[in-house]
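For reference, the chains in residue letters:
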Amino acid sequence: MLPPADSLAPDWLSVPEDANDLAPGVWPASAVRDDAGELRIGGVGAAELVRTHGSPLLLLDEPEVRSRARAFHDAFAAATAEHGTTSRVYYAGKAFLSTAVAQWVTEEGLNVDVCTRGELEVALAAGVQPHRIGFHGNNKSVSELERAVEVGVGTIIVDSLIEIERLGAITARTRSQQNVLIRVNSGVHAETHDFLATAHEDQKFGFAFPDAEAAAARIREIDGLRLLGLHCHIGSQIFGVAGFRESASRVLELHERLRADGDLPLLNLGGGFGIAYTRVDDPTPIEDLAREIVDAVASGCAVRGIPVPELAFEPGRAIVGTAGVTLYEIGTTKDVVLDAGTRRYVSVDGGMSDNARPALYGAQFSARLASRAGGGGPVLVRVVGKHCESGDIVVEHEYLPEDLAPGDLLAVPATGAYCASLASNYNHVPRPAVVAVSGGATRVIVRGETIDDLLARDAGITGIRTADGGASGPAEGER
Ligand code: LLP
């Protein structure tokens, strides 16, 4: 008999039969418990990983990233081939970018989407061919655009008339040709598990439809720019296809109108495919998503009597999210007595500096003991970090074994996307290393920060001088 659900537990969280089980779909395929009960990922035990690389630690399961990248590539290739066209899948580097990851995904057939100079430089340092890079952003600076044109980035997704003029001036000056897409705001805004087909014009990204027509006309006047098509992105962590379908059907209307004045060979429908963070999340298999989205675009084109363009997609989270597992060490536990019951707080040695998603979005995660299988029946816990904020939550609600204790390692799955990339040094906590695991081997792909790294930027300690001889930091007049 299971104990009754704790009165402090949310409705969606049921008491697990076994608080050591690994929920299907939430963990990388390689995650198992060995005979002694220890969690192993990529063939390596949690305790050994922390002994070697420290705690907290972000693990990235390389075969999981590769197989998801390949699955996206193949699913969209198959779905578009059915309709006599082709597809390009860009990995959205904002989810997590390092040279290793850029290499894995491009080796599996993907392109790379970047949205800043920094992301662009990582992709280039990884050896990604520039024509396989798409460059996003609502406020790309002149120097960012100059660098993108100089290295020969494949597509620049323009977001404002000002950017179009900047790009026109750069291509004229450098006598170059640049392919561009116009980012449009389809009015469909999908967040979390539902999509809201409501007007969502009041946001910073993209052109409204009437403005996009003016943007297209202007781009077509500029010799150095070639308009390839439209781009839209409706949100992130989206389940199902309804939002993508609705957005595609709206964008096709504009696509058809703009085709009257010239070829538009490409349509980019963005990213946003959801993953499972807890056992109640149930994302649609990518093969089904790809088929349904592409079929919807193809039938929209058929109704309009226009050819199906090449289709592009930009998954980020769905490539790396499930491949990531964060290991923490439990430091303290505390039972807090409330009117509705007692909540056990479990404090770990990281928190909102390595995973800001619960604090930023109220995101839910799950957790399991990693260094051993625990005993004593499931107890409702809240896993919190070490930061000086009460919102510093890692896992808001989870059932874990009753006997968990300081020194145990805890694993939080589905942390591959938007955790390391959103990490900070809040409270001067060094950011953890990112370690790739594969077939029993480990490789550091991003070095963990040290206290020396933190102190190195404080000019009062290091006396850093800039190249022009001035002290780094604020300019004279700003002090
Ligand atoms: N393409 C564009 C233009 C985007 O803005 C994004 C994400 C993506 C693709 C990739 O979306 P994905 O497939 O990863 O959902 N920090 C938030 C998510 C922000 C997404 C920003 N744009 C989070 O942690 O939930």
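Source: prediction; values computed, not measured.

1. Here's the deal with the overall build of the chain
Across its full length, the chain carries 13 helices and 23 strands. A globule of 479 residues ought to have a C-alpha radius of gyration of about 23 Å, and the chain, at 24 Å, matches this closely. Across its three principal directions, the C-alpha atoms of the chain cover 70 × 60 × 45 Å. Of the contacts made within the chain by residues no fewer than 6 positions apart, 71% connect residues no fewer than 24 positions apart. Accessible surface for the chain amounts to roughly 20,200 Å². Of this, 50% is attributable to carbon and sulfur atoms. Distance from the positive charge centre (42 side chains) to the negative charge centre (65 side chains) of the chain: 4 Å.

2. Re the packing of aromatic side chains
Taken as a whole and assessed by the stated rule, the structure comprises six aromatic pairs. The interplanar angle of 55° and the centroid separation of 6.2 Å between the aromatic rings of F76 and F273 together place this pair among those described as tilted. Of this pair, F76 sits in helix 2 (residues 62–81) while F273 sits in the loop between strand 14 (266–268) and helix 9 (286–304), and the two are 197 residues apart along the sequence. Its relative accessible area of 0% is what places F76 among the buried residues. With a centroid separation of 5.0 Å and 80° between ring planes, the pair formed by Y277 and F365 is classed as edge-to-face. Separated by 88 residues along the polypeptide, Y277 in the loop between strand 14 and helix 9 and F365 in the loop between helix 11 (357–361) and strand 18 (368–369) bring together distant segments of the chain. A relative accessible area of 4% means that Y277 is categorised as buried. For F365, a relative accessible area of 0% corresponds to the buried category. Counting every residue linked through ring pairs, the aromatic cluster contains F72, F76, F244, F273 and F313.

3. Examining the site of the ligand
Close to the ligand lie 20 residues, the nearest being S236, E314, R357, Y361 and Y418. Within the side chain of R357, an N or O atom sits 2.5 Å from an oxygen atom of the ligand. At 2.6 Å, a side-chain N or O of Y361 approaches a nitrogen atom of the ligand. About the coverage of the ligand: the protein hides 87% of its 590 Å² of free accessible area. When the residues that make up the shell around the ligand are grouped by side-chain class, the tally is six nonpolar, eight polar and six charged. In this structure, the shell around the ligand is formed jointly by two domains, domain 1 (32–60 + 323–448) and domain 2 (85–320), each of which donates at least three residues.

4. Quick look at the nonpolar core
Formed by 106 residues in total, the largest nonpolar core has its most connected members in Y91, I156 and I182. A per-element tally of this core places helix 9 first, with seven residues. Counting contributing residues, this core receives three or more from each of domain 1 (32–60 + 323–448) and domain 2 (85–320). If sequence neighbours within four positions are ignored, I156 has contacts with F135, K140, L145, A148, V149, E163, L167, Q178, N179, V180 and L181. Ranked by size, the runner-up nonpolar core spans 21 residues in total, among them I41, L57, A370 and L409.

5. Here we look at the sheet that holds strand 2 (residues 39–41)
Ordered by their spatial adjacency, three strands build an open sheet running 1-2-3, and the pairing between neighbours is antiparallel. The sheet is open, and its two edges are formed by strand 1 (32–33) and strand 3 (44–45), each paired on a single side. Pairing between strand 2 and strand 3: two bridges, direction antiparallel. Note that in strand 3 the partner of R40 across the bridge is G45.

6. So, the domain arrangement of the chain
By domain assignment, the chain separates into domain 1 (32–60 + 323–448), domain 2 (85–320) and domain 3 (449–479). For domain 1 versus domain 2, the separation of C-alpha centres amounts to 34 Å. Facing 19 residues of domain 1, the contacting portion of domain 2 comprises 15 residues. A combined buried area of about 1,400 Å² lies between domain 1 and domain 2, and 61% of that area is made up of carbon and sulfur atoms. Inspection of the region where domain 1 meets domain 2 yields zero salt bridges. Counting across the interface, domain 1 meets domain 2 through six residue pairs in polar contact (both at pLDDT 80 or more). Breaking the side of domain 1 that touches domain 2 down by element, the ones donating at least two residues are strand 22 (433–438) and strand 23 (441–446). With three residues, the top contributor of residues to the side of domain 1 that touches domain 2 is strand 23. Among the residues forming the side of domain 1 that touches domain 2, the class breakdown is 11 nonpolar, five polar and three charged.

About the thresholds
Residues numbered from 1 in each chain as written. Predicted model: local features only at pLDDT ≥ 70, side-chain atom pairs only at ≥ 80, totals over all residues. Heavy atoms only, no water. Helix = DSSP H or I, 4+ residues; strand = E, 2+ residues; numbered from the N terminus. Rg over C-alpha atoms; globule rule 2.2 N^0.38 Å. Contact = heavy atoms within 4.5 Å. Areas by Shrake-Rupley, 256 points an atom, 1.4 Å probe, with all protein chains shown as cover. Lys, Arg positive; Asp, Glu negative; His and termini not counted. Charge placed at Lys NZ, Arg CZ, Asp CG, Glu CD. Phe/Tyr/Trp six-rings, centres within 6.5 Å; stacked < 30°, edge-to-face > 60°. Buried < 20%, exposed > 50% of the residue type's maximum accessible area, 1.4 Å probe, protein only. Near = heavy atom within 4 Å. Polar contact = N/O pair within 3.5 Å; in protein donor to acceptor, adjacent residues only side chain to side chain. Nonpolar A, V, L, I, M, F, W, Y, C, P; charged D, E, K, R; others polar. Domains from an automatic or database assignment. Core = buried A, V, L, I, M, F, W, Y, C linked by side-chain atoms within 4.5 Å. Pairing = 2+ DSSP bridges. Buried area = accessible area lost by both parts, 1.4 Å probe. Salt bridge = Lys/Arg side-chain N within 4 Å of Asp/Glu carboxyl O.

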